[in-house]
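Each chain is listed here by its residues.
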Amino acid sequence: MTDTRAGGVAATAGWTAAARAAETARPDALFRDDLAAALAGPEGAARYERYANPGTSEFLAVRTRYLDEAIAAHPHLAQVVLVAAGLDARAARLDWPAGTVLYEIDRPALLAAKDARLAELGARPRCDRRAVGADLAGDWRAPLAAAGWDAAAPTLWIVEGLLFYLPEDAARTLLADLATASAPGSVLAGDLLSHQSMVSEFTRDGLGRLREDGCPWLWGSDEPEEVLTTAGWRGPDVRTPGEEGASFGRWPWPPLPRGTLGLPVNYLFTATV
Ligand SMILES: C[S@@+](CC[C@H](N)C(=O)[O-])C[C@H]1O[C@@H](n2cnc3c(N)ncnc32)[C@H](O)[C@@H]1O
């Protein structure tokens, strides 16, 4: 994947694809992604090793499964957008209801390299997959509409592994713009980083490696409900790993109580407009 070799935040797509490949290799895998290893390549696998931290592989597996289940829970939403799709292979690996259109937004160069690799691998989408090259900190709505997205129909938005790579202002603006763009009945599902993850002694080395590689985590919040409701999302259901619906037998620790200081935590969420 040329684009991931270029470094920066696009390269993190190789990291998370390698994490899905590692999960797929387990006998008790929470999901199967048979394209992940080839999409991640050696560069992605190297990053997976480099960023290994206690809880990281567990969290990435739980996050993927949580969002797979969020997708499965909304089969009536025939318009799905992967906001920062990276090397996600859900188009090929999920059993989509007939008529589903799946839009994948990410950097144009990453999507071009991904499309080329998918063609080499003979991968076949099981839905109408449409790649949309756009800057999520800029105008993504016009390219999405040009690809056929219908603003009048409800959308399932999946924001996985993105928000903490954007400056906080841009991330909050994106969340608000997604809410504004959403027809009634739309759903948002994704993940957020806690502020504790940014300041914990347990993430200091990992954060340093991400900074060195030009893809630093930029922000987190200990008030995920506030982030979502301020952006216009209603009724956020927020879970931490280990809680019911966010464990799947993979998370080996009890969930951290809200307000715990000094320990990193991630949030998985689903919300509506
Ligand atoms: C950690 S990866 C996550 C990819 C995928 N959702 C997953 O979970 O494997 C972060 C992705 O965000 C994309 N990204 C970051 N900033 C972006 C921006 N401003 N516009 C478009 N894509 C962006 C990167 O190219 C990368 O693919």
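See the structure printed just above.
Rules used in this analysis
- Residues numbered from 1 in each chain as written.
- Predicted model: local features only at pLDDT ≥ 70, side-chain atom pairs only at ≥ 80, totals over all residues.
- Heavy atoms only, no water.
- Helix = DSSP H or I, 4+ residues; strand = E, 2+ residues; numbered from the N terminus.
- Contact = heavy atoms within 4.5 Å.
- Axes fitted to C-alpha atoms, helices over the stretch in contact; angles between N-to-C directions.
- Parallel < 35°, antiparallel > 145°, perpendicular 65-115°, else oblique.
- Nonpolar A, V, L, I, M, F, W, Y, C, P; charged D, E, K, R; others polar.
- Phe/Tyr/Trp six-rings, centres within 6.5 Å; stacked < 30°, edge-to-face > 60°.
- Buried < 20%, exposed > 50% of the residue type's maximum accessible area, 1.4 Å probe, protein only.
- Near = heavy atom within 4 Å.
- Polar contact = N/O pair within 3.5 Å; in protein donor to acceptor, adjacent residues only side chain to side chain.
- Core = buried A, V, L, I, M, F, W, Y, C linked by side-chain atoms within 4.5 Å.
- Pairing = 2+ DSSP bridges.

Right, let's get into the environment of alanine 147. When you line up the elements, alanine 147 lands in the loop between helix H7 (141-146) and strand E4 (156-159). In this structure the C-alpha to C-alpha distance between alanine 147 and phenylalanine 59, which are 88 residues apart in sequence, comes to 32 Å. When sequence neighbours within four positions are dropped, the list of residues in contact with alanine 147 reads Tyr103, Arg130 and Val132.

Let's shift gears to the packing of helix H2 (residues 12-24) against helix H3 (residues 36-50). Axis angle and axis distance: for two packed helices, these are the angle between their axes and the distance between the axes, and together they describe the pair. Between H2 and H3, the shortest axis-to-axis distance is 7 Å and the interhelical angle comes to 110 degrees. On the basis of their axis angle, the class for H2 and H3 is roughly perpendicular. Touching Gly14, Trp15, Ala17, Ala18, Ala19, Arg20, Ala21 and Ala22 of H2 are Ala36, Ala37, Ala40, Gly44, Ala45, Arg47 and Tyr48, all from H3. When the residues that make up the contact of H2 with H3 are grouped by side-chain class, the tally is 11 nonpolar, two polar and two charged.

Once that is clear, we can look at the packing of aromatic side chains. Under the definition given, this model contains six aromatic pairs. Summarising the aromatic geometry, the rings of tryptophan 149 and tryptophan 157 are spaced 5.7 Å apart at their centres and angled 50 degrees between planes, so their arrangement reads as tilted. Ring geometry for phenylalanine 164 against tyrosine 165: centres 5.1 Å apart, planes inclined by 45 degrees, an arrangement best described as tilted. Neither phenylalanine 164 nor tyrosine 165 differs from the other in exposure class; each is buried. Grouped by ring-pair contacts, the aromatic residues Trp140, Trp149 and Trp157 constitute a single cluster.

Here we take up the site of the ligand. Not every one of the 22 residues close to the ligand is listed here, only the nearest: Thr16, Arg20, Ala84, Asp106 and Asp135. Threonine 16 has a polar side-chain atom sitting 2.7 Å from an oxygen atom of the ligand. Its residues assigned to classes, the shell around the ligand shows 12 nonpolar, four polar and six charged.

What follows is about the nonpolar core. Trp15, Trp96, Leu102, Leu156, Ile158 and Trp217 are the most contacted members of the largest nonpolar core, which totals 46 residues. Secondary-structure elements contributing two or more residues to this core are H2, H3, helix H4 (56-72), strand E1 (79-83), helix H6 (108-121), E4, strand E5 (187-193) and helix H10 (204-212). By size, the runner-up hydrophobic cluster in this structure holds 36 residues, among which are Ile105, Leu166, Ala181 and Leu228.

What follows is about the side chain of arginine 93. Tracing the sequence through the fold places arginine 93 in helix H5 (residues 90-93). Not counting residues up to four positions away in its chain, the partners in contact with arginine 93 are Phe31, Arg32, Asp33, Thr64, Asp68 and Arg126.

The next subject is unusual backbone geometry. One non-glycine residue with positive phi stands out, namely alanine 84, at about 75 degrees. Residue position: alanine 84 is located in the loop between E1 and H5. Its relative accessible area of 17% is what places alanine 84 among the buried residues. A positive phi angle is found at phenylalanine 248, which is not glycine, with a value near 55 degrees. On the secondary structure map, phenylalanine 248 appears in the loop between strand E6 (234-239) and strand E7 (266-272).

All right, on to the sheet that holds E5 then. By way of backbone hydrogen bonds, the strands of a sheet pair with one another, either parallel or antiparallel. As summarised here, the arrangement of the seven strands in space is E3-E2-E1-E4-E5-E7-E6, forming an open sheet in which the pairing is mixed. Looking at which strands have only one partner, the edges of the open sheet turn out to be strand E3 (128-133) and E6. Geometrically, the sheet is characterised by an average inter-axis angle of 20 degrees between neighbouring strands, direction not taken into account. For E5 and E7, the ladder comprises seven bridges, and the chain directions are antiparallel. Across the sheet, glycine 190 pairs through a bridge with phenylalanine 269, a residue of E7. The sheet contacts of H4 involve E4, E5, E6 and E7, and relative to E7 the element is tilted by about 10 degrees. Contacts from helix H8 (residues 168-181) reach E1, E4 and E5 within the one sheet, and its direction differs from that of E4 by about 170 degrees.

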